[in-house]
There are 2 protein chains.
Amino acid sequence: MAATIRDVAYAAGVSVSTVSYALSGKRSLSDETRRRIEDAIRALDFTPNAGARALASAETKVFGLYLQFREDEFAPAMLQYVLPVSTTAREHGYDLLMVTDTDLRGAIHRTTSSYMVDGAVLLDVTYDDVRLEPLRQAKQPGVLIGYARDATGFDAFDLDFGEAARIAVDHLAERGHREIILVTPPRDVYDRGGSYAWRFRDAAVERAARYGIRMSVHEGEARQPGITEALDAAFAALPTATALIVHNDATVAALPSYLNSRGVVVPRDLSVVGVYSADFGNAFSLPYTSVETLPDKLGELAVTQLVRRINTPGLAGEPLTRLIEPGFVDRDSTRIVS
Amino acid sequence: MAATIRDVAYAAGVSVSTVSYALSGKRSLSDETRRRIEDAIRALDFTPNAGARALASAETKVFGLYLQFREDEFAPAMLQYVLPVSTTAREHGYDLLMVTDTDLRGAIHRTTSSYMVDGAVLLDVTYDDVRLEPLRQAKQPGVLIGYARDATGFDAFDLDFGEAARIAVDHLAERGHREIILVTPPRDVYDRGGSYAWRFRDAAVERAARYGIRMSVHEGEARQPGITEALDAAFAALPTATALIVHNDATVAALPSYLNSRGVVVPRDLSVVGVYSADFGNAFSLPYTSVETLPDKLGELAVTQLVRRINTPGLAGEPLTRLIEPGFVDRDSTRIVS
DNA sequence: CTGAAAGCGCTTACAG
DNA sequence: CTGAAAGCGCTTACAG
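Residues numbered from 1 in each chain as written. Chains lettered and ligands numbered in written order. Predicted model: local features only at pLDDT ≥ 70, side-chain atom pairs only at ≥ 80, totals over all residues. Heavy atoms only, no water.

Participant: Tell me about the protein's contact with DNA strand D, and please be specific about residues and values.
Facilitator: DNA strand D sits among 28 residues. The nearest are Ile5(A), Ser20(A), Arg27(B), Ser28(B) and Thr33(B). Among atoms of DNA strand D positioned within 4 Å of the protein, sugar and phosphate together represent 53%. Within the backbone of Ile5(A), a nitrogen or oxygen atom sits 2.7 Å from a phosphate oxygen of DNA strand D. Contact distances for DNA strand D include 2.9 Å between a phosphate oxygen and a backbone N or O atom of Ser15(B). Where the surface near DNA strand D is concerned, the elements lending two or more residues are helix 2 (16-24) and helix 4 (50-57) of chain A together with helix 2 (16-24) and helix 4 (50-57) of chain B. Here the surface near DNA strand D takes 5 residues from helix 4 of chain A, the largest share from any one element. Taken together, the residues of the surface near DNA strand D break down into 12 nonpolar, 12 polar and 4 charged. (Near = heavy atom within 4 Å. Polar contact = N/O pair within 3.5 Å; in protein donor to acceptor, adjacent residues only side chain to side chain. Helix = DSSP H or I, 4+ residues; strand = E, 2+ residues; numbered from the N terminus. Nonpolar A, V, L, I, M, F, W, Y, C, P; charged D, E, K, R; others polar.)

Next comes the structure, spelled out in structure tokens:
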């Protein structure tokens with residue numbers, strides 16, 4: 001089989017513990033010893049056994065990444081969070097156990113109680129997420145990407161969707177728009193507790209009211225032909241609208257095609273503000289002024305905080321919930337209404 | 001801390017080894033003993049420590065899933081393989097370590113030589129994939145999803161893209177088409193060794209030649225505005241084409257919008273055959289007759305074979321390379337040319 | 001600056 | 001049908 005730390009120690013003429021300390025750097029050693037150990041490691045192509053290390057140190061250097069693939073979600077959206085989480089984790093020396101079990105509660109319990117992971121990253125957290133309770137029972141810390149009713153015990157990061165809505169409405173209000181259509185996430189998202197849906201909607205409605213703007217709110221759909229039908233219904237409900245805010249990936253991805261087929265030119269006939277990430281807009285070549293969700297930033301913040309909590313046993317203060325300020329990119333898809 | 005097997009043994013009044021055998025089922029035990037052990041496990045909420053188990057049994061029950069997020073690839077495409085791999089792995093009791101390091105060789109070596117994984121699943125394998133060599137050094141078996149120049153030592157699964165091309169061309173030939181445009185994957189895909197690109201293209205060209213069909217071949221683009229420009233160029237090169245075969249996700253996703261904007265009605269003005277998976281077509285509401293790539297089937301076959309190879313030490317015969325017959329779904333997007 | 005040894009929590013021959 | 005014990009390959013006090 002492969003070389004063990006014993007083989008390295010023997011080859012280097014030192015003890016096993018010295019090799020271990022050379023590996024961890026937790027103790028100083030002479031240059032000569034270090035050199036001999038390094039040579040031996042190289043000669044034997046030694047890599048520490050992860051299971052043995054985990055058993056002895058009670059650290060796996062693995063994070064659990066818990067996600068679900070949902071029918072009503074536009075697949076590309078979730079993927080945006082996976083890469084930054086993975087990259088940031090590796091920067092801190094952690095690998096990712098990707099858990100997609102449909103039994104969410106069981107998956108958390110299974111992987112934490114067996115000590116497969118040192119921490120948990122929960123993606124796409126819902127308002128009453130069933131994963132939180134089993135994760136509270138776990139010894140490992142957890143971090144949430146998303147917003148829950150009660151995030152007690154966890155660090156949580158999410159975009160400030162209320163602020164996102166205000167940015168969008170303010171932008172249009174400043175440009176003189178008085179009648180705005182808002183397309184929100186589909187009904188399913190509300191139903192399962194995707195709080196970003198109503199946090200954005202409620203803030204948008206409130207902000208519009210403050211300006212005396214008439215706002216027509218409609219739920220989008222995840223698939224065709226529903227997407228088109230929902231848009232048709234929205235425009236029929238407020239034909240005089242001069243602006244459209246789209247807070248739904250599937251709808252905004254289909255929007256260029258939809259507007260094109262209706263002969264609607266942006267921003268001449270309609271001003272459009274989207275809500276999506278830069279990567280998403282890039283992948284689908286979306287030409288709209290947008291309030292940017294920041295998956296890269298959220299993923300990085302979440303993992304960094306998780307690492308901090310692991311490395312700092314008595315981390316000062318309660319776990320935090322942090323809402324991130326959205327970005328804004330003007331792509332000239334809104335016009336000034338006189 | 002959490003309960004160990006010793007605690008369970010003590011509570012059940014049996015030895016540690018008996019608990020272990022009760023867990024693994026590798027030895028029969030009396031009903032009474034079994035009941036007492038089960039009660040103790042439940043009372044203590046015992047879960048075996050994964051690290052200890054891995055160390056003692058030399059099995060982690062984890063597969064490495066090695067993938068890369070590429071700029072030139074349409075993100076949703078890769079995701080289609082992740083879910084079936086994950087689901088099938090879980091069905092066989094395996095979790096997935098998702099490895100996205102940009103250092104592909106190092107990632108393979110790091111995770112296999114440390115025995116973090118019992119096997120490796122390589123996604124998006126290229127013709128001269130740099131991951132194969134380090135994986136050959138590994139003690140764990142590996143399975144490839146994709147097609148490599150030399151897959152010696154591995155089981156490999158891929159769609160039969162040659163056959164996919166023949167199915168598409170045959171379908172159009174039978175319907176009387178004599179001038180066909182083929183949009184292939186982007187240049188980058190060829191450059192990095194995405195053999196599906198040329199395997200499809202070469203087979204399509206050859207098949208067309210056999211029929212005496214004129215075929216105009218063009219490389220697609222991954223992003224706008226390149227997608228549109230490539231399509232414009234293709235139609236300009238063969239304005240009299242009556243049919244279009246699209247073997248590129250990004251292009252086919254943008255196609256409805258593109259054709260709409262050009263006033264082209266399918267199949268009245270143009271017959272279209274796509275090459276994509278059912279899920280992909282569904283997610284993007286694609287209305288085209290398609291040769292179906294089968295990511296679910298490939299992912300499942302690959303993982304099943306990996307499990308088999310692990311469970312059957314002296315698995316008869318060499319590792320196999322298997323090309324899967326594509327599916328075909330007629331969505332009436334091709335017309336009969338007289 | 002370095003070593004001998006206990007211990008992490010399992011699995012599995014070996015014995016009866 | 002069941003148990004005592006060695007061993008998997010590390011880490012880390014404890015000692016010098």
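What follows continues from the structure just given.
Participant: Any chance you could break down the layout of surface pockets for me, citing the residues and the numbers?
Facilitator: Here the second largest pocket is characterised by a volume of approximately 1300 Å³. Counting residues per element, the ones that place at least two in the lining of the second largest pocket are helix 4, helix 6 (104-113) and helix 7 (132-137) of chain A together with helix 2 and helix 4 of chain B. It is helix 4 of chain B that provides the largest number of residues to the lining of the second largest pocket, a total of 6 residues. Of the residues belonging to the lining of the second largest pocket, the class tally is 21 nonpolar, 13 polar and 8 charged. (1 Å grid on protein atoms, 1.4 Å probe; cavity = no way out; pocket = protein on both sides within 12 Å on 5 of 7 lines; lining within 4 Å. Points joined across faces, edges and corners; volume = space filled by probe spheres on them.)

Participant: Talk me through the interface of chain B and chain A; I want residue IDs and the actual numbers.
Facilitator: The partner chain A presents 42 residues to the 42 residues of chain B that form the contact. Regarding the contact of chain B and chain A, the summed buried area is about 4100 Å², with carbon and sulfur atoms giving 62% of it. Considering only the surface of chain B that becomes buried against chain A, Phe69(B), Leu79(B) and Met98(B) emerge as the three largest contributors, covering 14% of it. Remark: the boundary between chain B and chain A carries 4 salt bridges. Across the pair Arg90(B) and Asp101(A) runs a salt bridge whose closest N-O atoms are separated by 3.5 Å. Put simply, chain B and chain A have 16 residue pairs in polar contact (both at pLDDT 80 or more) between them. (Contact = heavy atoms within 4.5 Å. Buried area = accessible area lost by both parts, 1.4 Å probe. Salt bridge = Lys/Arg side-chain N within 4 Å of Asp/Glu carboxyl O.)

Participant: Can you explain the pairing of strand 1 (residues 62-66) of chain A? Please cite residues and give values.
Facilitator: All names here are of chain A. Burial of strand 1 is extensive: 5 of the 5 residues sit out of reach of the surface. Side-chain alternation along strand 1 places Val62, Gly64 and Tyr66 on one buried face and Phe63 and Leu65 on a second face that is also buried. Note: strand 1 against strand 3 (residues 119-125), 4 bridges, orientation parallel. Within the sheet, the bridge partner assigned to Gly64 lies in strand 3 and is Ala120. (Buried < 20%, exposed > 50% of the residue type's maximum accessible area, 1.4 Å probe, protein only. Pairing = 2+ DSSP bridges.)

Participant: Tell me about the nonpolar core, and please be specific about residues and values.
Facilitator: Formed by 95 residues in total, the largest nonpolar core has its most connected members in Leu123(A), Ile245(A), Leu123(B) and Ile245(B). Those residues within four positions of Leu123(B) in sequence are excluded, and the remaining contacts are Leu65(B), Tyr66(B), Leu67(B), Met78(B), Tyr81(B), Val82(B), Val85(B), Arg131(B) and Ile145(B). If you look at the next biggest cluster of nonpolar residues, it comprises 45 residues, including Leu244(A), Ala234(B), Ala254(B) and Tyr258(B). (Core = buried A, V, L, I, M, F, W, Y, C linked by side-chain atoms within 4.5 Å.)

Participant: Run through the sheet that holds strand 3 (residues 119-125) of chain B, naming residues and quoting values.
Facilitator: Taken together, the 12 strands give an open sheet; going across it, the order is 11(A)-5(A)-4(A)-3(A)-1(A)-2(A)-2(B)-1(B)-3(B)-4(B)-5(B)-11(B), and neighbouring strands pair in mixed fashion. At either margin of the open sheet sits one strand with a lone partner, and together these are strand 11 (321-324) of chain A together with strand 11 (321-324) of chain B. Strand-to-strand twist across the sheet, computed as the mean angle between neighbouring axes with direction ignored, equals 20 degrees. Sheet topology places strand 5 (residues 155-159) of chain B next to strand 11 of chain B; 4 bridges connect them, and they run parallel. From the neighbouring strand, Leu159(B) faces strand 11 of chain B, where its bridge partner is Ile324(B). (Axes fitted to C-alpha atoms, helices over the stretch in contact; angles between N-to-C directions.)

Participant: An account of the environment of Phe284(B) is requested, with residue identities and associated values reported.
Facilitator: Within the secondary structure, Phe284(B) is located in the loop between helix 13 (278-283) and strand 10 (289-292). Expressed as a C-alpha distance, the spacing of Phe284(B) and Val252(B), which sit 32 residues apart in the sequence, is 9.1 Å.

Participant: So what's going on with a negative patch on the surface? Which residues, and what values?
Facilitator: A surface patch of negative charge is lined by Glu91(A), Asp279(A), Asp296(A) and Glu300(A). As for its placement among the helices and strands, Glu300(A) is situated in helix 14 (residues 295-311). (Patch = residues over 30% accessible without salt bridge, like charges linked within 9 Å, V, L, I, M, F, W, Y side chains within 5 Å. Areas by Shrake-Rupley, 256 points an atom, 1.4 Å probe, with all protein chains shown as cover. Lys, Arg positive; Asp, Glu negative; His and termini not counted. Charge placed at Lys NZ, Arg CZ, Asp CG, Glu CD.)

Coordinates in, geometry out; function isn't part of it.
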